[in-house]
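Results of the structural survey
One letter stands for each residue in the lines below.
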Amino acid sequence: MKFNSAILIAKFAALSSAAGLIKRDNQCSCTVEPLARKDCGYIGINESACVSNGCCWDPSNVDGAPWCFYTASGGKTTECKSSESYSCEVDESSRTDCGYYGINESECVSRGCCWAESSTSGIPWCFNSKKNVNPEPNPEPTPDPEPTPDPESKNCPADEKSRVDCGYIGVTKRQCEAAGCCWAESETDGIPWCFNEVGKDIHIEKEGITVRFQKPYGWSTVNLWAWDDEDNNVYGEVWPGKTISDIGDGWYSYTFPSDVSSVNVLFNDGNNQTKDITNVKSSSCFKLVGDNVIKTDDCGLGPSGCSYTITDLKTSESGMTAVLDLEDRICEKYDIDIPKLDFQAKFETNDRLHIHIQPTDIEDYPHNVDVPEDAYPFEIEDGPNDDLQYSYELVDGETFKININRKDGTPVFESMSFIFERQYLEISKNVDSNSAIYGFGEVFGPYKRNSENTSHALWNADNADPVGQNLYGSHPFYIEIIDGKAYGFYLKNSHGMQFSIQDGLMTIQAIGGNFDMYFFMGPSMEDITKQYFQVIGAPALLPYWSLGWHQCRYGYRNIDEVREVVANYKKNNIPLDTMWIDIDYMENNKDFTYDAKNFPVSEMKKFVNELKSNHQYYINMIDPAIAKDDNYAPFSRGMEKDIFIKDKNGELFLGEVWPVNLNTAFPDWHHPNIVEYWTNEIKLFKDLAMTDGNWIDMNEAASFCNGACNSGSEDSKFKMGEFNPRNPPFAINNFGYEAPLKTKTLDMDVQYYGGLIDYDIHNMYGHMESIVSYEALLNIDPIKRPFLLSRSTFPGTGRYAAHWLGDNHSWWKDMYYSITGMLSFQLFGIPMVGSDTCGFQANADEELCARWMALGAFNPFGRNHNGLEWDNARIRSQEPYIWPKTAEASRRALAIRYKILPYMYTYLVRTHTHSEMILYSFAALWPNDATALGIDKQFLVGKGILITPVIEQGKTSVEGYFPEGIWYDWYDHSNVITGPTYKVLNAPIEHIPVHIRGGQIIPTQGPSLTVYENRNKPFELLVALDREKKAHGILYLDDGISYNVDGKFNEIEYNVENGTLTAKGSYNYDEPQNLHEISILGVSSKPSTVTVNDADAQFEFSNNELIIKNLDISMNDDFVVSWN
């Protein structure tokens, strides 16, 4: 930019008088021995705040030595007096360098130098004032030798028209200046940005792309066939192409002409060939592993421009640290390189490796810091690390890579690329064609990720469940199973990302943040989730009643219509525990209000009391966006507490959501006043009509505007070297078409408390709302467990909220993807999850809704919910009693759900206490079964109940896979299947196939029409023996509602072996219901006697099933049942 003396003087306020003059003498020196320093700051002060306050800044490793301190004279730099003053108003041509290559503004100022940027090549930005001599350079950092000529010797033409091109299209500033050329951008077409000094004729030659391939065993030679993006032949005019150069050690090589900027290649020997390798833009080495071509760096090309060298390596028993140095290499794939990185590896537990990489000068990179601490308000506990199940080594001076092995040397993660730029991070690894990968969502798609063609963004968005696009949540976590053993990977980063698996290469690309990575060694999928939940937080302890059935729709016209729905459920003998109301209840769609005409407060209170008298529950929706209306109290109170997000200029940011004809403000969940504000608003609202939980929607944050509604300005284009949150250099595939990041959300530079901007923390907006809402509910009622349902999620949201899978459609494929979504969220730490049963958008019919209600009966969170309009018409009602066959299918399936509620509640609690799951995939339980790894149209509730739904239209049977073991038909216990095998199952429209896994014990009650009624029925045990005639099960009992259980629970472990069932447990809760009946499946022959606690008992035996009836066994004591 042009020199502006007024700006320069303002920048030097810490070192100058009002006239812009500064003084140098020994007494004003900032060279002070560490232990002689006098503190000039406060705990947590940063460099810029220190310097602007007139203090000296110099980091020190000496304990107790302040980094921000007074000058040698004991005063501030602003107090320096002298008979002679020195001015920073120096002509550009007269500047003498006062710094070193790479010095930043704050460090320049702290050395007592002048700072002013210049657009002229060779002009120093950090320079001496008049008459001042160059001070001694700081000991840290020591500048690397600069290969470019002395800037003073450069004679760059001032007239743009006189420029002589020195580079080529695509040359970067660093490449230009490293070659000794001048650099200055221009807005005039045809004017080179990289150009020669006057009288010189340098031309930077663009290097051609080199491709190398290692000849596989059995190949006779290596031919190359190459073509460009328009299918024009680039090398090898006739198939199979031409043989390329043998350079030894099995490697073959070819370098394309320099004008080839992107190429697609295929290697072959005339008989064998690789798959297409597309979009090769830089020199690369390839080799064949199985059927996949992988990239490698062991072919003699040497480290790429993006490679870091390991320096200053220090190791210990608990980990290692190092500095990663880019040295003289230039990467600049999308943005400016970060030349030095601080690396730390922590051996946190025997099964958890934590690797953290961030810029060495982190204060200069505010958008590459860790995620905010308030996103994880708890300590991550370390554990024993004396028997590490992983190995990771670095060698000083070698090229940095992330190659992690198991203890036995088996590779689990081998990085192929590692790039760290300010607004672009990349890491990639090879993926074996036989491995199975799960996770990295939220995305609508198969459970097992396609190892050949997967690509989608992670960017929380109001996107109504399209296949293969970014949705409401972001979870940069995956599990890979290799040869039956699993490991997990988590990138703790809240920036937008692109995740892809293409041609055997997995790539993760982020638009900011840092590499805060966790590796979990498993070796089972459940082991990994336990290890992962230790980092992100275990799922919340939710109330028992939340496992009951839920009903909602968008479009209930009034409270009488809602009452009628509740009555019709009971009339049709279909269970219902919780009634929900969408935004219909609001006055003009404003939070914390009731529509005086259709949902008057007086009637809402009556309705809530009616539900309570029947032991049912009520939940309604709260959106985060608050209507901008000065007469609307929640908005006025929010303005008073200053808790709304600001735009880049510090003014109130306005979007648009549901409030009628009003803009909306968005709460800042990081603000210190936000919990008080949100607690007060929810409490005032609950005082009108008590809700039993909250449904937080539209919290991505969603808006109907793209950025600010009151802004018509276009966003500036990205320029290398300039941080641009609105247009980053790399475009993630937002909404499936690289939509601008602000699409249907906030501007990326809106400001949160503490200097955060949305670009950095967008993906955790809903997560932070869940944290604040959870705390608010506990503030209001510290006795009861909060229940929250959130649409937007992030790693750790399950510690506070449940999740539903968003605005799906009444389509058959959406029913299938509801299964894969639920299974994925078991891995993400949000096990209480379900879809909008029967679909939210479009119109359901009897068959679809019958099948979906049967499937939905086994969702952890089970709710029928649909929308308002589709194709400009009101969506038809889809409550399960609407159609006769749907009603019958619902009664049958929900009867099973309510009967197994004690079993489901035990798993629900154990997600909190033991980091387990509610639903289990086949891959989680049979990782060595190649068929099981790909099954995602069946699942297990717990580890013992197999669900095989019909998810195709017009089908009255379904083929299911039965893994190893014995499987008993739920409806006919004599019908037994022995796996592994496929089996076609009869499934008329009212029926869903359910099987019990041998070796499992299922505690049951009921069934009834509500959880309350169910809990007041006697218990039964369903024992399914395996091949060894053994079985195991657990039952957990408490009051189902208390937040602080305080040890008041029963936990009973059941075991069967040698014809004896034992129940042993801890008993600190008084369970009033007794055990009434025990059914044992798989008994080989009729026993002569059956005893309960050594007393004879009545029994029946038929078709290998032993039924012991009319029992009266306490659930508060151990017992023994034997048969012979």
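See the structure shown above.
This write-up is about the structure you can find in this document. (Residues numbered from 1 in each chain as written. Predicted model: local features only at pLDDT ≥ 70, side-chain atom pairs only at ≥ 80, totals over all residues. Heavy atoms only, no water.)

Comments concerning the environment of V958
- Of note, V958 is situated in strand β50 (residues 957–969).
- Residue V958 is classed as buried on the basis of its relative accessible area, which comes to 14%.
- Leaving out residues up to four positions away in the same chain, V958 has contacts with T948, P949, V950, K983, V984, L985, A987 and P993. (Helix = DSSP H or I, 4+ residues; strand = E, 2+ residues; numbered from the N terminus. Buried < 20%, exposed > 50% of the residue type's maximum accessible area, 1.4 Å probe, protein only. Contact = heavy atoms within 4.5 Å.)

Details of helix α9 (residues 674–688)
- Here α9 contains 15 residues, and its C-alpha end-to-end distance of 22 Å stays within 8% of the 21 Å for a straight helix at 1.5 Å per residue.
- Those residues of α9 that sit buried are I674, V675, Y677, W678, T679, E681, I682, F685 and K686.
- Where α9 is buried, its residues contact β36 (617–622), β37 (626–627), α8 (633–641), β39 (694–696) and α11 (765–780). (Expected span 1.5 Å × (residues − 1).)

Some remarks on the state of the cysteines
- The full count for this structure, using the stated rule, is six disulfides.
- Each sulfur in the disulfide pair C166 and C181 lies 1.8 Å from the other. Separated by 15 residues along the polypeptide, C166 in the loop between β6 (126–127) and α4 (173–178) and C181 in the loop between α4 and β7 (182–183) bring together distant segments of the chain.
- Residue C166 is classed as buried on the basis of its relative accessible area of 0%.
- Overall, the relative accessible area of 0% leaves C181 in the buried class. (Disulfide = S-S within 2.5 Å.)

Let's talk about the packing of aromatic side chains
- Overall, the coordinates contain 71 aromatic pairs when judged by the stated rule.
- Ring geometry for F267 and F286: centres 6.2 Å apart, planes at 45°, overall tilted. With F267 in strand β15 (residues 263–268) and F286 in strand β17 (residues 284–289), this residue pair connects regions lying 19 residues apart in the sequence.
- Residue class for F267 comes out buried when judged on its relative accessible area of 0%. (Phe/Tyr/Trp six-rings, centres within 6.5 Å; stacked < 30°, edge-to-face > 60°.)

Details of unusual backbone geometry
- The residue after G522, namely P523, is reached through a cis peptide bond having omega 15°.
- Its location among the elements puts P523 in the loop between β33 (515–520) and α5 (525–536).
- With an omega dihedral of 10°, the bond running from G1006 to P1007 counts as a cis peptide bond.
- Within the chain, N1093 stands out as a residue other than glycine whose phi angle is a positive 50°.
- Tracing the sequence through the fold places N1093 in the loop between β59 (1090–1092) and β60 (1095–1096).

Regarding the pairing of strand β21 (residues 340–347)
- Judged by which residues are buried, β21 turns out to be one-sided: L341, F343, A345 and F347 face inward and are buried, whereas K340, D342, Q344 and K346, on the alternate face, are not.
- Relative to β21, strand β20 (residues 319–325) runs antiparallel, the two being bridged by seven bridges. The partner of V323 across the bridge, within β21, is D342.
- With seven bridges connecting them, β21 and strand β22 (residues 352–359) associate as antiparallel partners. Counted as the bridge partner of F347 is L353 from β22. (Pairing = 2+ DSSP bridges.)

Quick look at the pattern of salt bridges
- Scanning all chains against the criterion turns up 43 salt bridges.
- Of the charged contacts in the structure, one is a salt bridge between R637 and E681, with a shortest N-O distance of 2.7 Å. Of this pair, R637 sits in helix α8 while E681 sits in helix α9, and the two are 44 residues apart along the sequence.
- Accessibility expressed as a relative area gives 29% for R637, which makes it partly exposed.
- E681 gets classed as buried once you look at its relative accessible area, which sits at 2%. (Salt bridge = Lys/Arg side-chain N within 4 Å of Asp/Glu carboxyl O.)

Focus on the sheet that holds strand β25 (residues 411–421)
- Spatial strand order, β23-β24-β25-β26-β32-β31-β28: seven strands in an open sheet with antiparallel pairing. Each having just a single partner strand, β23 (390–391) and β28 (453–458) make up the two edges of the open sheet.
- Relative to strand β26 (residues 424–430), β25 runs antiparallel, the two sharing six bridges. What sits directly across from F418, in β26, is I427.

Here we look at the sheet that holds β50
- Within the open sheet, the six strands sit side by side as β47-β48-β49-β52-β50-β51. Their pairing is antiparallel. The sheet terminates laterally at β47 (919–920) and β51 (976–986), the two strands that pair on one side only.
- Summarising the sheet, strand β49 (residues 945–947) and strand β52 (residues 994–997) pair through three bridges and their orientation is antiparallel. Bridge pairing in β52 places I947 opposite V994.

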